Amino acid sequence: MGAKRRAAAAAAPGKKRGKEAPRAQLCAGLGDTALRERAAAAWRGGEPLRHEAAVLEPAPFRHGVIPGFLAGSAFAEALRDELLRLEFRRRCNDLLSLRQSEELGGRPEPHVAALRHALCEEFRAWLSAVTQIELEPIIDISCAKYEYTDVLLCHDDELEGRRVAFILYLVPPWDSSDGGTLDLYGTDEHFQPQQIVKSLVPSWNTLVFFEVSPVSFHQVSEVLSGKCRLSVSGWFHGPALARPARRPEAALPRSPHIPHDHEILYEWINPVYLDMDSQAQIQEEFEERSEILLKDFLKKEKFQLLCGALEDKDIQWSSRGPANKRLYETAEEDSLPDILKQFLHFLRSEALFLLLSNFTGLKLHFLAPSDEEEDAGEGRAADTAEHSDSKPDQETKQHTESPPHQPGQPDSIPEAQESEAQKGSGPPSCAGELRRWAHRHYTLVHDAQATEFALDLLFFCGCQDWDPDYGGFTSYIAKGEDEELLTVNPEDNCLALVYRDKETLKFVKYINQRSSARAKQRPGTAAFWDFSFVYYE
């Protein structure tokens with residue numbers, strides 16, 4: 001018995017233990033008191049600091065780069081391997097396209113947990129000392145994979161409590177030609193992003209951080225190679241900053257219709273759409289779905305003339321921003337060939353306003369029947385005395401049971417929505433522009449976008465063989481939701497009509513590098529065009 005007890009006691013010191021939990025050691029420079037004090041002085045004074053252990057820059061907004069952030073390559077490699085075994089979900093909306101893990105705040109993987117601890121303790125203390133911000137001990141943290149054509153477009157990261165953003169790169173050897181750079185924007189006096197003034201190329205085991213502020217606009221540029229851009233990113237939180245009011249931007253100018261009788265319709269439009277029965281069918285479908293796509297809308301010869309004119313080298317195109325809302329080119333109307341000016345005149349014409357009333361049941365012209373007339377079941381001829389002639393009465397307003405409902409809603413708009421906000425306080429009007437779309441162009445959802453009921457009109461040119469995988473489609477979503485209600489894909493000689501309310505937002509999806517394949521197969525097709533108009537009752 002005693003011998004057995006002695007054997008047991010002797011065996012205790014040599015007992016097999018479980019594998020020791022890994023510890024994330026940060027680079028030695030972060031423990032250098034003198035360097036930390038120099039970094040704090042540089043940050044506070046808005047001066048650059050360039051040291052082998054850390055680089056700080058004040059422009060275009062305060063940011064820092066720490067190469068070799070994790071001491072020793074073994075830990076970083078093991079961390080990468082753990083992260084790649086996580087489940088990633090695809091995220092795709094107006095702002096981004098990427099794969100993202102769940103929040104890493106509670107993940108049990110040993111290297112993930114060790115990194116989280118190092119960030120929340122040692123690195124947080126260093127950041128607080130440098131930035132003089134009292135940072136909270138809990139962070140938001142997740143992992144993202146950017147692969148071919150993935151992108152994160154211009155934004156500022158501002159959300160209540162976010163004070164410092166960080167990104168740790170765990171990438172293979174990377175070059176600027178691979179894309180995926182962290183692009184930093186300069187801003188104007190109204191806190192709006194202007195041009196990209198600096199691009200940071202991802203590098204293995206390098207951490208980038210920056211102060212979240214009203215001017216911290218940045219993007220992750222499109223990944224152009226087959227490499228995987230793996231990163232761990234998140235935010236440190238602290239006392240909220242007061243956010244200055246954004247200057248409201250001027251909307252496109254609205255104008256009432258241009259007086260022009262229905263002869264202009266016969267000049268431009270495929271005769272099938274001028275038939276009363278066709279218009280009745282169109283209106284019925286539109287009122288059911290709040291959208292319709294009218295194919296081969298223009299006469300073939302007119303459409304060909306438009307496409308030819310759009311290639312004119314004398315057209316002046318200007319870039320339209322700011323980048324946190326949109327990026328595409330719009331035409332200067334004074335520089336357009338006559339045929340394009342004539343088409344814009346057609347889109348603003350009284351005759352088209354009335355025809356759109358026939359197509360949609362909306363009151364876009366005083367000759368369109370009122371609700372009382374519709375309830376009485378009265379058809380109304382669209383032609384006035386001066387419009388009447390031997391032509392078919394194609395502008396007759398068809399009887400409607402109810403106004404069109406919104407995309408994604410099963411029922412028609414309730415009567416309570418028939419208000420001055422919907423119908424507008426003035427006469428029917430429109431606003432529009434001619435746009436050119438190519439690689440890297442997009443629009444984003446923003447708060448000021450949906451303010452009233454409206455009819456969107458899109459007419460496409462130069463879209464032959466356009467694949468939705470390229471982007472460039474117009475997506476409609478409900479405010480506060482990512483789920484699409486409706487998608488309008490570019491298609492040659494098609495007129496798209498969509499009715500939206502105050503809770504419906506829209507964006508044009510980022511056009512990615514896949515579109516360049518089309519240009520290689522068919523030279524001269526690097527871009528397409530649309531005439532984008534909005535009509536208000």
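For the structure itself, look to the data block above.
All figures in this text were calculated on a predicted structure; none of them were measured in a lab.

Asks: How would you explain the layout of surface pockets if you had to name every residue and give the values?
Replies: By volume, the second largest pocket is sized at about 470 Å³. Classifying every residue of the lining of the second largest pocket by side-chain character gives 11 nonpolar, 9 polar and 5 charged.

Asks: Can you break down the pattern of salt bridges residue by residue, with the values?
Replies: According to the stated counting rule, one finds 25 salt bridges in the structure shown. Glu147 is paired through a salt bridge with Arg99; the nearest N and O atoms lie 3.7 Å apart. With Glu147 in the loop between β6 (139-146) and β7 (151-155) and Arg99 in strand β5 (residues 96-101), this pair connects stretches of sequence that are 48 residues apart. The class for Arg99 is partly exposed, based on a relative accessible area of 31%. With its nearest N and O atoms 2.8 Å apart, the salt bridge here joins Arg289 to Glu285. A residue pair is termed a helical-turn pair when its members lie 3 or 4 positions apart in one helix, as Arg289 and Glu285 do in helix α6 (residues 276-289) at 4 residues. Among the ionic contacts, a cluster of salt bridges with common partners joins Asp156, Glu158, Arg243 and Arg246.

Asks: Explain the sheet that holds strand β21 (residues 484-488) residue by residue, including any values.
Replies: Sheet strands pair via backbone hydrogen bonds, and the direction of the pair is either parallel or antiparallel. In space, the 3 strands of this open sheet follow the order β21-β20-β23, with antiparallel pairing throughout. Of all the strands in the sheet, the pair left with one neighbour each is β21 and β23 (504-508). Direction aside, neighbouring strands of the sheet carry axes that sit 20° apart on average. Note that strand β20 (residues 474-478) and β21 share 4 bridges and pair antiparallel. Bridging from a neighbouring strand, Tyr476 pairs with Leu486 of β21.

Asks: Run through the packing of α6 against helix α9 (residues 350-360), naming residues and quoting values.
Replies: Two quantities define a packed helix pair, namely the angle between the axes and the distance from one axis to the other. Two elements in contact, α6 and α9, have axes whose closest approach is 6 Å; the angle formed by their N-to-C orientations is 65°. Residues Gln279, Ile282, Gln283, Phe286 and Glu287 of α6 form the contact with α9, whose participating residues are Leu355, Ser357, Asn358, Phe359 and Thr360. A breakdown of the residues in the contact of α6 with α9 according to their chemical character gives 4 nonpolar, 5 polar and 1 charged.

What counts and how
Residues numbered from 1 in each chain as written. Predicted model: local features only at pLDDT ≥ 70, side-chain atom pairs only at ≥ 80, totals over all residues. Heavy atoms only, no water. 1 Å grid on protein atoms, 1.4 Å probe; cavity = no way out; pocket = protein on both sides within 12 Å on 5 of 7 lines; lining within 4 Å. Points joined across faces, edges and corners; volume = space filled by probe spheres on them. Nonpolar A, V, L, I, M, F, W, Y, C, P; charged D, E, K, R; others polar. Salt bridge = Lys/Arg side-chain N within 4 Å of Asp/Glu carboxyl O. Helix = DSSP H or I, 4+ residues; strand = E, 2+ residues; numbered from the N terminus. Buried < 20%, exposed > 50% of the residue type's maximum accessible area, 1.4 Å probe, protein only. Pairing = 2+ DSSP bridges. Axes fitted to C-alpha atoms, helices over the stretch in contact; angles between N-to-C directions. Contact = heavy atoms within 4.5 Å.

By themselves, these figures tell us nothing about what the structure is for.
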